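Below, each chain spelled out in residue letters.
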Protein chains: 2
Amino acid sequence: MQRNIHRMAEFFSEGPTKLRPHFKAHKTTEIARRQLAAGSCVGLTCATAGEAEVAAGFCEDILIANQVIGLDKCARVAILAKSGIDIKVAVDSELGVEQMSKAAQDTETTVGVLVEVNIGFRAGTPPGEAAVVLGRRISDTPGVELRGLMGYEGPAAGIEERDRRGTMAKQALDRLLSTVHPFREAGFPTDIVSAGSTGTYDMTGRMDGVTEIQAGSYVLMDTAYRKEGLPFEQAFWVLGTVLSRPSPGSVSADCGHKSCSQDHGMPDVRDVPGATVTFLADEHAMIAVPPDSTLKPGDRLQLVPSHIDPTINLHDVFYALEGDTVVGIWPIEARGYAEQRMAMG
Amino acid sequence: MQRNIHRMAEFFSEGPTKLRPHFKAHKTTEIARRQLAAGSCVGLTCATAGEAEVAAGFCEDILIANQVIGLDKCARVAILAKSGIDIKVAVDSELGVEQMSKAAQDTETTVGVLVEVNIGFRAGTPPGEAAVVLGRRISDTPGVELRGLMGYEGPAAGIEERDRRGTMAKQALDRLLSTVHPFREAGFPTDIVSAGSTGTYDMTGRMDGVTEIQAGSYVLMDTAYRKEGLPFEQAFWVLGTVLSRPSPGSVSADCGHKSCSQDHGMPDVRDVPGATVTFLADEHAMIAVPPDSTLKPGDRLQLVPSHIDPTINLHDVFYALEGDTVVGIWPIEARGYAEQRMAMG
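Residues numbered from 1 in each chain as written. Chains lettered and ligands numbered in written order. Predicted model: local features only at pLDDT ≥ 70, side-chain atom pairs only at ≥ 80, totals over all residues. Heavy atoms only, no water.

## Looking at the overall build of chain A
- Looking only at helices and strands, one finds 13 helices and 16 strands in chain A.
- Here the C-alpha radius of gyration of chain A, 22 Å, is about what a compact globule of 345 residues would show, namely 20 Å.
- The principal-axis extents of the C-alpha atoms in chain A amount to approximately 70 × 50 × 30 Å.
- Going through the 345 residues of chain A one by one, you find that 61% of them count as buried.
- Only carbon and sulfur atoms are counted for the fraction: they give 51% of the accessible area of chain A, which is about 12900 Å².
- Across chain A, 33 positive and 45 negative side-chain charges occur, with their mean positions spaced 1 Å apart. (Helix = DSSP H or I, 4+ residues; strand = E, 2+ residues; numbered from the N terminus. Rg over C-alpha atoms; globule rule 2.2 N^0.38 Å. Buried < 20%, exposed > 50% of the residue type's maximum accessible area, 1.4 Å probe, protein only. Areas by Shrake-Rupley, 256 points an atom, 1.4 Å probe, with all protein chains shown as cover. Lys, Arg positive; Asp, Glu negative; His and termini not counted. Charge placed at Lys NZ, Arg CZ, Asp CG, Glu CD.)

Here's what the structure looks like:
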């Protein structure tokens with residue numbers, strides 16, 4: 001983990017573009033502190049108001065790289081702004097502007113906003129004129145302050161083959177960057193032009209006009225990103241115990257999909273030659289093994305998750321290791337739903 | 001939910017076979033209490049020692065329908081036995097017997113065990129002689145008390161077509177029940193012969209020799225079990241908010257796979273004609289909608305999960321409704337890993 005953190009910080013020490021590590025990947029203060037301490041960072045990226053509330057405990061510059069919709073959530077963001085956090089949210093709709101404006105004015109504060117441009121995925125205005133129209137709306141609205149632009153090249157980031165990933169990322173980013181000039185022409189700020197991700201950091205992180213890169217998975221990695229040949233090392237695993245060997249060719253272990261996500265495919269088994277996860281049930285991993293495998297009930301094994309974010313979200317703590325020694329138990333503070341925890345009182 | 005609970009209790013009020021509701025489905029005291037109060041129950045089923053620790057707060061008869069491996073976990077089970085809980089665990093290996101025996105003796109108590117018979121899935125001894133050999137080993141070992149047999153017809157339970165499901169369930173159960181006679185011949189108890197599940201409750205729940213049925217999903221249901229035409233109603237949903245409408249044919253909402261599992265397929269959208277979930281990202285559901293759909297940012301929607309257990313496991317509370325009124329906020333107490341919470345102190 002420390003090597004990954006320093007490798008990424010070093011990459012961003014060279015260019016004008018900086019790093020904004022994504023808190024959603026691990027939701028863990030102890031990790032985010034180390035990312036920020038390594039340098040080259042402008043602040044943190046969060047996915048939700050709840051993550052931002054945790055991140056605000058140790059970081060003063062936060063981007064929620066997501067639409068914040070709902071007056072309750074907008075109010076929580078406004079309270080962070082009021083408390084002195086330089087917080088920014090992505091906006092792509094009239095309603096997003098209206099609600100954040102109302103919450104900010106009710107709290108007697110101002111919240112920063114970035115216009116999110118649709119670069120091919122889940123949200124955003126069309127590039128160019130539509131983004132300028134929304135930018136104008138924001139500039140004319142009290143309680144919100146236009147700070148720049150954002151786009152997320154998610155579909156590109158997941159492409160295994162590097163050349164095609166680069167081509168797709170460039171196509172996506174061209175849509176975002178094509179909006180920079182009209183924004184400047186309109187007199188809008190462009191000192192934040194934020195994009196992502198771990199899969200494309202060294203491509204979009206060197207594109208002129210991009211000021212910061214949101215990247216999360218690099219810090220601990222997973223098998224999906226490993227396939228992209230990135231210069232980061234696998235740094236977390238799910239520890240399991242073999243429960244049963246119901247046949248010579250299979251074992252079951254106590255690490256099912258309540259402890260390891262499978263949305264990016266089955267996890268790998270670390271350092272057990274020939275062992276393949278064939279099925280995840282709630283509490284069981286079914287693992288095919290060679291008939292001469294010595295794996296038996298009681299043996300420990302480690303799964304290498306295919307997707308870092310949802311796997312970590314299933315757990316309450318990390319056990320931090322140096323070599324084989326546990327040197328820390330790190331709570332995954334931002335896991336779950338802050339509003340649900342608040343509801344419990 | 002109340003109708004589901006009473007429908008299942010009514011079914012088991014008729015036969016000699018009783019119900020042992022599975023706590024793993026919802027991990028929630030407020031729900032389990034209602035299941036037990038409806039009658040026809042012998043106690044609760046749990047999947048883990050951590051669930052049993054929560055269940056022991058309100059239920060004195062608990063089966064952990066799973067191998068408990070590891071001296072730390074065995075010790076936690078033994079403490080429950082010592083505190084007066086009639087607790088039983090499944091065992092299919094020498095190591096399982098040894099470890100539970102040691103933990104029970106160290107705690108000066110006795111833990112009940114069922115021999116798990118492999119009826120085609122994740123664990124268990126072969127039926128017949130091998131089960132008797134393990135039963136003998138248990139009978140000869142201090143600290144553990146042989147109580148009966150168990151099998152889980154998991155693969156059968158998931159078959160949509162009822163006749164084929166019944167055939168498969170019978171084949172699986174025949175393996176379990178073929179071991180009852182040799183067990184009796186050997187002088188072993190068979191007053192507990194436990195099987196599952198929601199998908200097969202009315203088939204295996206009427207088979208001679210089966211004393212109890214483990215069933216969990218019936219209480220709140222999901223789309224996977226709905227396809228089996230069971231007489232239970234969908235009774236929980238994941239509430240989301242539309243964040244963006246990036247194109248006329250799609251919206252994104254704030255309910256991704258960190259709030260709704262997809263291991264049994266995409267969730268449905270409740271009561272929105274023509275809306276189909278096409279992709280779940282960490283924090284986003286991408287939903288295809290007809291171009292004339294009025295769905296817009298700020299609208300609420302409800303996902304119908306495809307799999308109840310892992311979806312509930314992502315949340316900290318239920319909001320309990322009567323009609324449209326929230327009448328309770330129910331903590332999902334057994335979510336996560338008790339050992340991780342203990343590690344945090």
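From this point, the discussion proceeds with the structure in view.
## Focus: the pattern of salt bridges
All names here are of chain A.
- Tallied over the entire structure, the rule returns 54 salt bridges over all chains.
- A salt bridge links glutamate 14 to arginine 206; its shortest N-O distance comes to 3.6 Å. Here arginine 206 lies in the loop between α10 (201-204) and β8 (212-215) and glutamate 14 lies in helix α1 (residues 2-14), a separation of 192 residues in the sequence.
- What makes glutamate 14 exposed here is its relative accessible area of 63%.
- The salt bridge involving aspartate 202 is made with arginine 162; its shortest N-O contact spans 2.9 Å. You can see aspartate 202 sitting in helix α10 and its partner arginine 162 sitting in helix α8 (residues 162-177), a full 40 residues away along the chain.
- Members of the salt-bridge network, linked through shared partners, are Arg20, Asp61, Asp86, Lys88, Arg147 and Glu212. (Salt bridge = Lys/Arg side-chain N within 4 Å of Asp/Glu carboxyl O.)

## Here we look at the environment of leucine 95 of chain A
- Within the secondary structure layout, leucine 95 of chain A lies in helix α5 (residues 94-106).
- On the basis of relative accessible area, leucine 95 of chain A is assigned to the partly exposed category, the value being 23%.
- Taking the C-alpha atoms as reference points, leucine 95 of chain A and glycine 70 of chain A, 25 residues apart in sequence, are found 9.2 Å from one another.
- Among all residues touching leucine 95 of chain A, those that are not within four sequence positions of it are Ile69 of chain A together with Pro297 and Gly298 of chain B. (Contact = heavy atoms within 4.5 Å.)

## Description of the interface of chain B and chain A
- At the junction of the two partners, chain B supplies 55 residues and chain A supplies 55 residues.
- Interface area for chain B against chain A, summed over the two sides, is near 4500 Å², with a carbon-plus-sulfur share of 53%.
- Counting the surface chain B buries against chain A, the share from its top three residues, Arg122, Lys258 and Gln340 of chain B, is 14%.
- The interface formed by chain B and chain A includes six salt bridges.
- Taken together, the connections running from chain B to chain A amount to 24 residue pairs in polar contact (both at pLDDT 80 or more).
- Going through the elements one at a time, β3 (61-67), β9 (238-247), α12 (308-312), β15 (317-322), β16 (325-331) and α13 (338-344) of chain B are the ones with two or more residues in the side of chain B that touches chain A.
- Across the side of chain B that touches chain A, the residue classes tally to 20 nonpolar, 19 polar and 16 charged. (Buried area = accessible area lost by both parts, 1.4 Å probe. Polar contact = N/O pair within 3.5 Å; in protein donor to acceptor, adjacent residues only side chain to side chain. Nonpolar A, V, L, I, M, F, W, Y, C, P; charged D, E, K, R; others polar.)

## A look at the sheet that holds strand β8 (residues 212-215) of chain B
All names here are of chain B.
- Sheet architecture is open: eight strands sit in the order β1-β8-β7-β6-β5-β4-β3-β2, paired in parallel fashion. Two strands close off the open sheet at either side, each with one partner strand: β1 (18-21) and β2 (44-46). Strand-to-strand twist of the sheet, defined as the mean angle between neighbouring strand axes without regard to direction, takes the value 30°.
- Those strands touched by helix α4 (residues 71-82) are β3, β4 (86-91) and β5 (111-116), and its axis lies near 150° from that of β4. (Pairing = 2+ DSSP bridges. Axes fitted to C-alpha atoms, helices over the stretch in contact; angles between N-to-C directions.)

## Let's talk about the domain arrangement of chain A
- Per the domain assignment, the segments of chain A are domain 1 (2-226) and domain 2 (238-304).
- Distance between the C-alpha centres of domain 1 of chain A and domain 2 of chain A: 37 Å. (Domains from an automatic or database assignment.)

## What about the environment of glycine 240 of chain A?
All names here are of chain A.
- Of note, glycine 240 is situated in strand β9 (residues 238-247).
- Accessibility expressed as a relative area gives 0% for glycine 240, which makes it buried.
- In this structure, the C-alpha to C-alpha distance between glycine 240 and glutamate 145, residues 95 residues apart in sequence, is 49 Å.
- Aside from chain neighbours lying at most four places away, what touches glycine 240 is Asp254, Cys255, Asp299, Arg300 and Leu301.

## Looking at α5 of chain A
Residue and element names in this part refer to chain A.
- Between its first and last C-alpha atoms α5 spans 18 Å; for 13 residues at 1.5 Å apiece the expected length is 18 Å, and the two agree.
- Taken together, the buried positions of α5 are Gly96, Val97, Gln99, Met100, Ser101, Ala103 and Ala104.
- Tucked into the core, α5 has its buried residues touching α4 (71-82), β4 (86-91), β5 (111-116), α6 (129-139) and β6 (144-150).
- Once α5 finishes, glutamate 108 follows within two positions and takes phi at roughly 55°, a positive value. (Expected span 1.5 Å × (residues − 1).)

## Some details on the relation of the copies chain B and chain A
- Relative to chain A, chain B is turned by 180° and slid 0.0 Å along the rotation axis, the superposed coordinates differing by an RMSD of 0.0 Å. Within this description, the copies of the chain are treated as partners about a two-fold rotation axis. (Least-squares fit on C-alpha atoms with pLDDT ≥ 70 in both.)

## Section: unusual backbone geometry
- A cis amide bond, omega 10°, links glycine 196 of chain A with the succeeding residue serine 197 of chain A.
- Among the structural elements, serine 197 of chain A can be located in the loop between β7 (192-196) and α10.
- Phi at methionine 221 of chain B is positive, roughly 70°, even though this residue is not glycine.
- Its location among the elements puts methionine 221 of chain B in the loop between β8 and α11 (223-226).
- Classification of methionine 221 of chain B as buried rests on a relative accessible area of 1%.

## Focus: the packing of aromatic side chains
- Per the stated rule, a full pass over the model turns up 14 aromatic pairs over all chains.
- Here tyrosine 201 of chain A and phenylalanine 232 of chain A contribute two aromatic rings whose centre-to-centre distance is 5.4 Å and whose plane-to-plane angle is 55°, an arrangement assigned as tilted. Of this pair, tyrosine 201 of chain A sits in helix α10 while phenylalanine 232 of chain A sits in the loop between α11 (223-226) and β9; the two residues are 31 residues apart in sequence, bridging distant segments of the chain.
- Taking the relative accessible area as the measure of exposure, tyrosine 201 of chain A reaches 5% and is therefore buried.
- The interplanar angle of 65° and the centroid separation of 6.0 Å between the aromatic rings of phenylalanine 23 of chain B and phenylalanine 58 of chain B together place this pair among those described as edge-to-face. Within this pair, whereas phenylalanine 23 of chain B is found in the loop between β1 and α2 (29-37), its partner phenylalanine 58 of chain B is found in the loop between α3 (49-55) and β3, the two being separated by 35 residues in sequence.
- Look at phenylalanine 58 of chain B and you get buried, because its relative accessible area is 17%.
- Ring pairing ties together the aromatic residues Phe11, Phe12, Tyr201, Tyr218 and Phe232 of chain A, which thus form one cluster.
- Sitting over the face of the ring of phenylalanine 11 of chain A, arginine 206 of chain A holds its NZ or CZ atom 3.8 Å from the ring centroid. (Phe/Tyr/Trp six-rings, centres within 6.5 Å; stacked < 30°, edge-to-face > 60°. Lys NZ or Arg CZ within 6 Å of the ring centre and 35° of its normal.)

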